[in-house]
Amino acid sequence: GRIIPLDAECELEAPAAPAGLTATAQSDAVKLEWEANSEPDLAGYTVVRAERGTEEWNTIARQLTTTSFVDNDCEPGHEYLYKVKAIDKSANQSALSEAVAINPTQIRTATLKDGQPDGIYTLDGKQMKQLGKGVNIIRHSDGRTEKLVK
């Protein structure tokens, strides 16, 4: 049985599946964003995640009232799939959104000399070479890089 808030009108029409789901690699994280649903009785969103090849979908966020979520529990070099669904105040759930896939592999640490990195190591499971501490260089999946001082 479902617990329905007393002030909610009991209706059985499920919300539409969220659209426009995107994933962006950040340092040690993935940022998910999607388009807002238009249902007036929308209660929130649920995010599910699976690792590529497992098809084991786990709920990683519930009752989100915003249209973005940052997944901080990522292993570099692993590819993840995400989907989002909407839930209304009568506990009706939408279908899951289209899946989005991302591999948050990144360049992890570099020491800068004359503004140039003199060494990098990746954590993609294939190559790992530890170099100096200091500035982290993050490489995004689309090739952009950014410096992050820790």
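Look a little higher up for the structure.
Draft legend 1. Region of the structure containing the packing of aromatic side chains. As enumerated under the stated definition, the model contains two aromatic pairs in all. On the numbers, 5.5 Å between centres and 70° between planes, the contact of Trp34 with Tyr45 is edge-to-face. With a gap of 11 residues between them, Trp34 in the loop between β2 (29–33) and β3 (42–51) and Tyr45 in strand β3 connect regions that are remote in the sequence. Taking the relative accessible area as the measure of exposure, Trp34 reaches 6% and is therefore buried. Using a relative accessible area of 3% as the deciding quantity, one classes Tyr45 as buried. Seen from their ring centres, Tyr80 and Tyr82 are 6.5 Å apart, and the 45° between their planes marks the pair as tilted. Across the pair, exposure class does not vary: Tyr80 and Tyr82 are buried alike. Taking NZ or CZ as reference, Lys83 lies 4.6 Å from the ring centre of Trp57, over its face.

Draft legend 2. Examining the sheet that holds strand β1 (residues 22–26) more closely. In space, the three strands of this open sheet follow the order β1-β2-β5, with antiparallel pairing throughout. Looking at strand neighbours, the two that pair on one side only are β1 and β5 (68–71), the edges of this open sheet. Looking at each pair of strands side by side, their axes are set apart by 20° on average, direction ignored. Pairing of β1 with β2, which is carried by five bridges, proceeds in the antiparallel orientation.

Conventions adopted
Residues numbered from 1 in each chain as written. Predicted model: local features only at pLDDT ≥ 70, side-chain atom pairs only at ≥ 80, totals over all residues. Heavy atoms only, no water. Phe/Tyr/Trp six-rings, centres within 6.5 Å; stacked < 30°, edge-to-face > 60°. Helix = DSSP H or I, 4+ residues; strand = E, 2+ residues; numbered from the N terminus. Buried < 20%, exposed > 50% of the residue type's maximum accessible area, 1.4 Å probe, protein only. Lys NZ or Arg CZ within 6 Å of the ring centre and 35° of its normal. Pairing = 2+ DSSP bridges. Axes fitted to C-alpha atoms, helices over the stretch in contact; angles between N-to-C directions.

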